[in-house]
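Architecture and fold: a report
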Amino acid sequence: GENVEQHPSTLSVQEGDSAVIKCTYSDSASNYFPWYKQELGKGPQLIIDIRSNVGEKKDQRIAVTLNKTAKHFSLHITETQPEDSAVYFCAAFRGNDMRFGAGTRLTVKP
Amino acid sequence: EAGVAQSPRYKIIEKRQSVAFWCNPISGHATLYWYQQILGQGPKLLIQFQNNGVVDDSQLPKDRFSAERLKGVDSTLKIQPAKLEDSAVYLCASSPGPGPGTIYFGEGSWLTVV
């Protein structure tokens with residue numbers, strides 16, 4: 001089955017700096033790659049996603065890039081704000097099966 | 001629109017006891033998922049329903065876990081008997097249909113087994 005590796009596990013940045021989280025996947029048939037943000041005590045919430053026929057997608061301060069050849073995708077957050085502090089999960093979807101990475105705890109220091 | 005509703009939010013039980021969690025998905029969503037999230041890990045799929053049929057339960061420990069989705073709407077997840085390693089957050093999620101696309105999560109039911 002699909003295996004998703006995510007790093008770093010923790011990331012601390014200064015407010016206004018950029019943050020980058022990277023994921024790799026093992027199954028070349030995976031075709032959908034969402035990113036979820038999870039705040040303490042809440043369920044994960046989708047923040048951006050990308051499909052395998054697209055190399056990059058941007059939504060305001062958030063962007064995702066996908067390299068199908070290397071089987072890795074990344075989340076980029078620019079101009080970070082304290083409210084971006086949360087745990088971020090990547091996932092890879094194939095067929096009916098979505099596998100999550102282990103998560104990255106992002107802390108944005110004011 | 002109302003989100004995915006789950007109850008109870010928190011539950012503490014002793015090992016070997018039983019517990020049940022309830023989920024009401026977003027109205028009209030045909031696909032319902034139960035995930036287990038152990039502290040410090042990503043969610044792991046336990047079972048996926050399409051309407052009231054099971055699509056995938058390959059990672060459900062069937063000797064102690066059971067789930068049903070009667071009438072294709074609400075769902076319950078039961079654990080009997082519970083073990084210490086079942087301590088986790090149980091997340092219910094729903095989507096309009098199967099296949100790649102946005103999955104909407106509830107806030108989760110936090111289980112502690114002592």
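Let us look at the structure shown here. (Residues numbered from 1 in each chain as written. Chains lettered and ligands numbered in written order. Predicted model: local features only at pLDDT ≥ 70, side-chain atom pairs only at ≥ 80, totals over all residues. Heavy atoms only, no water.)

Structural notes on the overall build of chain B
Condition: The secondary structure listing takes helices from DSSP runs of H or I that are at least 4 residues long and strands from runs of E that are at least 2 residues long, numbered from the N terminus. Here the globule rule reads 2.2 Å times residues to the power 0.38, and the radius of gyration is calculated from C-alpha atoms.
The number of helices and strands found in chain B is zero helices and eleven strands. Ordering the α and β elements of chain B from the N terminus gives β-β-β-β-β-β-β-β-β-β-β. What you see for chain B is a C-alpha radius of gyration of 13 Å, in line with the 13 Å of a compact globule of 114 residues. Counting only C-alpha atoms, chain B reaches 35 × 25 × 25 Å along its principal axes.

Some details on the packing of aromatic side chains
Selection rule: Aromatic pairing here means that ring centres of Phe, Tyr or Trp (its six-membered ring) are within 6.5 Å. Orientation follows from the plane angle: under 30 degrees is stacked, over 60 is edge-to-face, and everything else is tilted. Accessible area is worked out with a 1.4 Å probe on protein chains only. A residue is then buried under 20% of its type maximum, exposed over 50%, and partly exposed in between.
Under the definition given, this model contains 14 aromatic pairs over all chains. Centre to centre, the rings of Tyr-10 of chain B and Trp-110 of chain B are 6.3 Å apart; their planes meet at 40°, and the pair counts as tilted. Of this pair, Tyr-10 of chain B sits in strand β2 (residues 10-13) while Trp-110 of chain B sits in strand β11 (residues 109-113); the two residues are 100 residues apart in sequence, bridging distant segments of the chain. Assessed through its relative accessible area of 57%, Tyr-10 of chain B is described here as exposed. Residue Trp-110 of chain B is classed as partly exposed on the basis of its relative accessible area, which comes to 31%. In this structure an aromatic cluster arises from ring pairing among Tyr-36 and Phe-100 of chain A together with Tyr-33, Tyr-35 and Phe-105 of chain B.

Description of the sheet that holds strand β3 (residues 19-25) of chain A
Residues and elements named next belong to chain A. Using the following cut-off: Here a strand pair is declared whenever DSSP counts at least two bridges between the two strands. To obtain each axis, a line is fitted to C-alpha atoms, and for helices this fit is confined to the stretch in contact; angles are then taken between N-to-C directions over 0 to 180 degrees.
Read across the sheet, five strands follow the order β1-β3-β8-β7-β6 without closing on themselves; strand pairing throughout is antiparallel. The sheet is open, and its two edges are formed by β1 (4-7) and β6 (56-59), each paired on a single side. Adjacent strand axes in the sheet meet at a mean angle of 15°, parallel and antiparallel pairs treated alike. In this structure, strand β7 (residues 62-67) lies alongside strand β8 (residues 72-77), joined through six bridges in antiparallel fashion. Its bridge partner being in β8, Ala-63 is matched across the sheet by His-76.

As for the nonpolar core
The test is simple: As used in this record, nonpolar core signifies buried Ala, Val, Leu, Ile, Met, Phe, Trp, Tyr and Cys residues forming a set joined through side-chain atoms within 4.5 Å. Residue contacts are defined here by distance: any two heavy atoms, one from each residue, within 4.5 Å place the two residues in contact.
Core analysis: the largest hydrophobic core is formed by 23 residues, its most contacted members being Phe-33, Trp-35, Phe-73, Leu-75, Ile-77, Tyr-88 and Leu-106 of chain A. Breaking this core down by element, the ones donating at least two residues are β2 (10-14), β3, β4 (32-38), β5 (45-51), β7, β8, β9 (86-94) and β11 (104-109) of chain A. The residues contacting Leu-75 of chain A, other than those within four sequence positions of it, are Ala-19, Val-20, Ile-21, Trp-35, Ile-47, Ile-48, Ile-62, Ala-63 and Tyr-88 of chain A. Counting residues in hydrophobic clusters, the runner-up holds 21 residues, among them Val-19, Phe-21, Phe-49 and Ile-79 of chain B.

Quick word on the state of the cysteines
Rules: The disulfide criterion is simple: two cysteine sulfur atoms within 2.5 Å.
What the rule picks out here adds up to two disulfides over all chains. Between the sulfur of Cys-23 of chain A and that of Cys-90 of chain A lies a disulfide, 1.9 Å long from S to S. Here Cys-23 of chain A and Cys-90 of chain A share a disulfide; its torsion about the S-S bond, -100°, makes the bridge left-handed. Highlighted residues: Cys-23 of chain A in strand β3 and Cys-90 of chain A in strand β9, separated in sequence by 67 residues. Grouping residues by exposure puts Cys-23 of chain A and Cys-90 of chain A together as buried. With a sulfur-sulfur separation of 1.9 Å, Cys-23 of chain B is cross-linked through a disulfide to Cys-92 of chain B. What sets the handedness of the Cys-23 of chain B and Cys-92 of chain B disulfide is the S-S torsion sign, and at about -70° it is left-handed. Residue Cys-23 of chain B is located in strand β3 (residues 19-24), and its partner Cys-92 of chain B is located in strand β9 (residues 88-95); the two are separated by 69 residues in the primary sequence.

Brief notes about the layout of surface pockets
Residues and elements named next belong to chain A. For clarity, the threshold we go by: Both cavities and pockets are sets of points on a 1 Å grid over the protein atoms alone; in a cavity a 1.4 Å probe fits but cannot get out, in a pocket the set is open with protein on both sides within 12 Å along at least five of seven lines, and lining residues sit with an atom within 4 Å of a point. Grid points are joined across faces, edges and corners, and a volume is the space filled by probe spheres set on the points. Any residue outside Ala, Val, Leu, Ile, Met, Phe, Trp, Tyr, Cys, Pro, Asp, Glu, Lys and Arg is labelled polar, Gly included; the first ten of those are nonpolar and the last four are charged.
By volume, the largest pocket amounts to about 460 Å³. Where the lining of the largest pocket is concerned, the elements lending two or more residues are β9 and β11. When residues in the lining of the largest pocket are grouped by element, the largest group, three residues, is from β9. Residues belonging to the lining of the largest pocket are distributed by class as follows: nine nonpolar, eleven polar and four charged. Within this model, the second largest pocket holds a volume of roughly 340 Å³.

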